[in-house]
There are 2 protein chains.
Amino acid sequence: MFVVSRVVGVGNPLQVLNNILVKTDQGRIKLSSTNLEIGVNTWIGAKIEEEGSLTVPAKLINEYINNLPTDNVTLTTQETVLNLESENYNTNIKGLSADDFPIIPQVSDEPFAKIDSSEFKDALSETIWAAANNETQPEISGIYFNFEEDKLRIAATDRYRLAERVAVLKEPVKMMREVIIPSRTINELYKILGTGVGDVEIFFSESQVLFKFEETELISRLIDGQYPPYKEIIPKAFSTNITTNRSEFIHALKAAALFASDSYNVNIRAIPGEGMRVAASSVAAGENTTLIKSEVHGSENNAIFNYRYILDCLNNLKEEKIVLKLINDASPAMIEVEGRNNYLYIVMPIKI
Amino acid sequence: MFVVSRVVGVGNPLQVLNNILVKTDQGRIKLSSTNLEIGVNTWIGAKIEEEGSLTVPAKLINEYINNLPTDNVTLTTQETVLNLESENYNTNIKGLSADDFPIIPQVSDEPFAKIDSSEFKDALSETIWAAANNETQPEISGIYFNFEEDKLRIAATDRYRLAERVAVLKEPVKMMREVIIPSRTINELYKILGTGVGDVEIFFSESQVLFKFEETELISRLIDGQYPPYKEIIPKAFSTNITTNRSEFIHALKAAALFASDSYNVNIRAIPGEGMRVAASSVAAGENTTLIKSEVHGSENNAIFNYRYILDCLNNLKEEKIVLKLINDASPAMIEVEGRNNYLYIVMPIKI
């Protein structure tokens, strides 16, 4: 129920779009919602005595069901009213006819790709927050999916930073395919994956994608356009490699952030033989410097970063040993996880 | 630190009131803050090498300390700059001279009363949310404390409802005393009590109260005025007593609330031999009725209540067996906990 109600809006002038479609479907109850961009279907077990369908306000039914004690409930439709009854309660929810509910498009019957849900979730969690969060550039407001053989390459960028993760599919795809999926769809998918276990099936039509997981389907339009050729900006060589501890790096950035004031600027200096120095200062607040003991290979180096861009990455990794690679104070820096070659994060320094 | 920084404001035009006073004090560090109505002092252990004091921005130092790894830190003052240094970091926080910090008044040396912190916390949690939350009527915007012998009677009301709890003091007070304490003070006290264990000492001066718990003191002005003679409105007799289950009552009220829409009106009917029926309806949403099996003594009875007023009480009780007492649809109703005679809650029905 929760899965379905999240997609619909509240206060949409077209009332039926604030509603969930409740419908008997081959011995189960099918719940559907759509905001015309994303649609969700989910099925729940039931004993069907008579076929029926209607739509009810999503917010109301969701709050109602969340508050319900767990016992058996009988659902009956009386024209556009949904009656819910059990031993102790009796409820009538005013709804609308199912006829007015928009049709959620069907997508092909044949899954294009299959991926383990936990592999998928890990890959999404390391990338999707890097997408541009306004839609003036629609291509980079979405998440890039590139299927090739048994690999799904997921990328997100806002032109100041880029995250890329390669996930492993359950079996090779029959043909290469690249698509851009709206961020909102992927965020919804991430919630649907939740703590579930199993395979996610991915289906495509010309302009739609469908994800199927457990008893739930998520359908979304694709974003039209060409994803920027981001491979070109990934540097091939660096002057300095810093192997450091993720949690200590987070602590140091947060401490520095308090003194960076309005600028978000934090200075990172690699000092061979000593470690990494994270520092910020402002006229009003004062100054802060943290030295993190780290292995530094290569030359002494120094660059200024927006600390939020680095924290976004560090906060979404699990491993503690990470590598920061620098060229100079004007070229892209890279973060990788030590011992894992399926992930990279590129971030541009700030030129002062 | 957290205890102290919560009292101060942010963005007070008088900068020193956004600051915390840091001061060496007899081998410890004393931290103080005040908003001129409430003051907090707390002490932390330290090895003092030289006496010193200054004030630093509360928000900054609090966020800084919360983010600090737990190791030893050396504090040094350089004029109005506080330097914090450990093996790995070095921080200068710009502050102000201690001379400009307002004096937090001293209250008498002799505790007026002493109470176990968990008894005190329980009593506060069952009452303080019932106070009026605007200050047009200053007396009832505060919490009433009445000390007599070994009892502390705590009451709060907004004229539509009243909560009263009698707590037990550790020893009888030497003289009877009644005061009104600002709600904000009591809410702050509640947080200071936290999960700590031990006695709370209560001190008074003419117009101030001081609570002392563990290493922390909370000082506040008292509210001038006469608390309403609320005893007069507590009914002596009822027509109907309903003994029911608190959690089921909460569930039923929340379900009804979804259908009460904008009115907050929920109908409660006591049906002897059957139980308590909780119902609400609206033209837009529909209707909901829950029957809770309950022991009903006395006559069939019926009244309409603002469900939020009943939930406030039920949500703050721990016991499951509660008693709702009704007279009729225009007279105050009462909620008590079965088997406990130190608590009562009065709520006025809504006349339609």
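Treat the numbers as computed from the prediction; the structure is a model and nothing was measured. (Residues numbered from 1 in each chain as written. Chains lettered and ligands numbered in written order. Predicted model: local features only at pLDDT ≥ 70, side-chain atom pairs only at ≥ 80, totals over all residues.)

K.L.:
Please explain the overall build of chain A as it appears in this structure.
P.N.:
Along its length, chain A carries seven helices and 24 strands. Taken along the three principal axes of its C-alpha coordinates, chain A extends 75 × 50 × 35 Å. Residue burial in chain A is summarised as follows: out of 352 residues, 39% are buried. At a minimum sequence separation of 6, the contacts of chain A that also span at least 24 residues come to 66%. (Helix = DSSP H or I, 4+ residues; strand = E, 2+ residues; numbered from the N terminus. Buried ≥ 20, exposed ≤ 12 C-beta atoms within 10 Å, placed from the backbone. Contact = placed C-beta atoms within 7 Å.)

K.L.:
Is there a simple way to explain the domain arrangement of chain A in this structure?
P.N.:
A common way to express how large an interface is: the accessible area buried when the components associate. Partitioning chain A into domains gives domain 1 (2-100), domain 2 (113-231) and domain 3 (235-347). The centre of domain 1 of chain A, based on its C-alpha atoms, is set 50 Å off from the matching centre of domain 3 of chain A. (Domains from an automatic or database assignment.)

K.L.:
Where do I start with the packing of helix α3 (residues 117-125) of chain B against helix α5 (residues 183-193) of chain B in this structure?
P.N.:
Two measures define how a pair of helices packs: the angle their axes make with one another and the distance between the axes. All names here are of chain B. Put simply, α3 and α5 touch, their axes get as near as 10 Å, and they point 140 degrees apart. Compared by their axis directions, α3 and α5 come out oblique. Helix-helix and strand crossings are classified by hand; for α3 and α5 the assignment is left-handed. Contacts between α3 and α5 pair Ser117, Phe120, Lys121 and Leu124 from the former with Ile186, Tyr190 and Leu193 from the latter. Here the contact of α3 with α5 is composed, by residue class, of five nonpolar, one polar and one charged. (Axes fitted to C-alpha atoms, helices over the stretch in contact; angles between N-to-C directions. Parallel < 35°, antiparallel > 145°, perpendicular 65-115°, else oblique. Left-handed = near helix turned anticlockwise from the far one by under 90°. Nonpolar A, V, L, I, M, F, W, Y, C, P; charged D, E, K, R; others polar.)

K.L.:
I keep staring at the interface of chain B and chain A and nothing clicks. Help me out?
P.N.:
Listed by partner, the interface residues are 25 residues for chain B and 25 residues for chain A. Elements with a minimum of two residues in the side of chain B that touches chain A: α2 (58-66), β7 (89-94), α6 (246-260) and β19 (286-293) of chain B. Split into classes, the residues belonging to the side of chain B that touches chain A amount to 11 nonpolar, 10 polar and four charged. Taken together, the five bridges between strand β7 (residues 89-94) of chain A and β19 of chain B define a ladder with antiparallel strand orientation. Each residue of the ladder has a partner; that of Tyr89 of chain A, found in β19 of chain B, is Thr290 of chain B. (Pairing = 2+ DSSP bridges.)

K.L.:
What am I meant to see in the sheet that holds strand β15 (residues 216-221) of chain B here?
P.N.:
Within a beta sheet, neighbouring strands are joined by backbone hydrogen bonds and run either parallel or antiparallel to one another. Residue and element names in this part refer to chain B. Spatially, eight strands are ordered β4-β1-β2-β3-β15-β14-β13-β8 in an open sheet, and the strand pairing comes out antiparallel. In the strand order of this sheet, the two ends are held by β4 (53-57) and β8 (113-116), each with one partner. When strand polarity is set aside, the average angle formed by the axes of neighbouring strands in this sheet is 20 degrees. Pairing of strand β2 (residues 28-34) with strand β3 (residues 38-45) involves seven bridges; the strand directions are antiparallel. By the bridge assignment for β3, Leu31 is matched with Thr42. Most of the contacts of α2 go to β4, to which it runs at about 85 degrees, and overall it touches β1 (19-25), β2 and β4. Where α3 meets the sheet, its contacts fall on β8, β13 (199-204) and β14 (208-213), and the angle it forms with β8 comes to roughly 85 degrees.

K.L.:
What is the right way to look at unusual backbone geometry in this model?
P.N.:
Phi is mostly negative for residues that are not glycine, and the peptide bonds are mostly trans. All names here are of chain B. In this model, Leu36 sits at a positive phi of 75 degrees, which is unusual for a non-glycine residue. Within the secondary structure, Leu36 is located in the loop between β2 and β3. A positive phi angle, near 50 degrees, is found at Glu214, a position not held by glycine.

K.L.:
Even after reading the chapter, I still don't get the environment of Asn35 of chain B, so can you show me in this structure?
P.N.:
Residue position: Asn35 of chain B is located in the loop between β2 and β3. Along the backbone, Asn35 of chain B and Asn19 of chain B are 16 residues apart, and their C-alpha atoms lie at a distance of 9.9 Å.

K.L.:
What exactly am I supposed to notice about the environment of Gly142 of chain A here?
P.N.:
Residue and element names in this part refer to chain A. Topologically, Gly142 is positioned in strand β9 (residues 142-148). Gly142 sits in the buried class, given 27 other C-beta atoms within 10 Å. Remark: the alpha-carbon pair of Gly142 and Lys351, spanning 209 residues in sequence, is separated by 27 Å. Look past the residues within four positions of Gly142 in its chain and what remains in contact with it is Ala131, Ile180, Ile181, Pro182, Ser183 and Ile223.

K.L.:
Looking at this structure, how should I read the relation of the copies chain B and chain A?
P.N.:
Superposition of the two copies of the chain requires a rotation about an axis together with a shift along that axis. Mapping chain B onto chain A calls for a rotation angle of 180 degrees and an axial translation of 0.0 Å; the resulting RMSD is 0.0 Å. The symmetry that links the two subunits is that of a two-fold axis. When each C-alpha of chain B is compared by its distance to the rotation axis, Thr195 of chain B comes out closest, at 16 Å. (Least-squares fit on C-alpha atoms with pLDDT ≥ 70 in both.)

K.L.:
What exactly am I supposed to notice about the sheet that holds strand β4 (residues 53-57) of chain A here?
P.N.:
Residues and elements named next belong to chain A. Reading across the sheet, the eight strands line up as β4-β1-β2-β3-β15-β14-β13-β8 and stay open at both edges, with antiparallel pairing between neighbours. This sheet does not close on itself; its edge strands, each paired only once, are β4 and β8 (113-116). The average angle at which neighbouring strand axes cross in this sheet is 20 degrees, direction not considered. The sheet contacts of helix α2 (residues 58-66) involve β1 (19-25), β2 (28-34) and β4, and relative to β4 the element is tilted by about 85 degrees. Against the sheet, helix α5 (residues 183-193) engages β3 (38-45), β14 (208-213) and β15 (216-221), with an angle of about 170 degrees to β15.

K.L.:
Can you help me understand the pairing of β2 of chain B in this one?
P.N.:
Within a regular beta strand, the side chains point alternately toward one face of the sheet and then the other, so they alternate between its two faces. All names here are of chain B. Judged from the five bridges that link them, β1 and β2 form a sheet pairing that is antiparallel. Of the residues in β2, the one forming a bridge with Asp25 is Arg28. The antiparallel hairpin formed by β1 and β2 contains two residues in its connecting segment, where Gln26 sits at a positive phi of about 50 degrees. Between β2 and β3, which follow one another and run antiparallel, lie three residues, and Leu36 among them has a positive phi close to 75 degrees.

K.L.:
How do you make sense of the nonpolar core when you look at a structure like this?
P.N.:
One broad trend across soluble globular proteins is that nonpolar side chains are buried collectively. Ile143, Ile154, Leu253, Ala256, Val266 and Phe305 of chain A are the most contacted members of the largest nonpolar core, which totals 92 residues. Tallying contributions element by element places helix α6 (residues 246-260) of chain A first for this core, with nine residues. Excluding anything up to four places from it in sequence, Leu253 of chain A contacts Val266, Val278, Tyr307, Ile310 and Leu311 of chain A. In terms of nonpolar packing, the next biggest core, distinct from the first, is built from 91 residues, Ile143, Leu193, Leu210 and Ala333 of chain B among them. (Core = buried A, V, L, I, M, F, W, Y, C linked by C-beta atoms within 7 Å.)

K.L.:
Just checking my understanding: could you explain the confidence of the model for chain A for this structure?
P.N.:
Do not read the fine detail of predicted coordinates wherever pLDDT is low. In the predicted model, chain A carries a mean pLDDT of 93, and 97% of its residues have values of at least 70. Predicted complex metrics record ipTM = 0.83 and pTM = 0.88. (pLDDT = per-residue confidence, 0-100.)

K.L.:
Help me out: how do you make sense of the environment of Glu119 of chain B in this one?
P.N.:
Residue and element names in this part refer to chain B. Summarising the element assignment, Glu119 is placed in helix α3. Residue Glu119 is classed as partly exposed on the basis of its 16 C-beta neighbours within 10 Å. Residues Glu119 and Val166 lie 47 residues apart in sequence; the distance between their C-alpha atoms is 10.0 Å. Beyond its immediate stretch of four places on either side in the chain, Glu119 contacts Ala167 and Val168.

K.L.:
Please clarify how helix α7 (residues 307-315) of chain B should be interpreted in this entry.
P.N.:
Along an α-helix, residues three or four positions apart point the same way, because every turn accommodates 3.6 residues. All names here are of chain B. Residues of α7 that are buried include every one of Tyr307, Tyr309, Ile310 and Cys313, and no others. Around the axis of α7, the buried residues are gathered within 165 degrees of arc, so they sit on the same side. Check the buried side of α7 and you find it contacts β11 (161-168), α6, β17 (265-271), β21 (301-306), β23 (333-337) and β24 (343-347). (Arc of directions from axis to C-beta.)

K.L.:
How should α2 of chain B be read in this particular structure?
P.N.:
Among all positions in α2 of chain B, only Ala58, Leu60, Ile61 and Tyr64 of chain B are buried. For α2 of chain B, the buried positions fall inside an angular range of 170 degrees around the axis, keeping them on one side.

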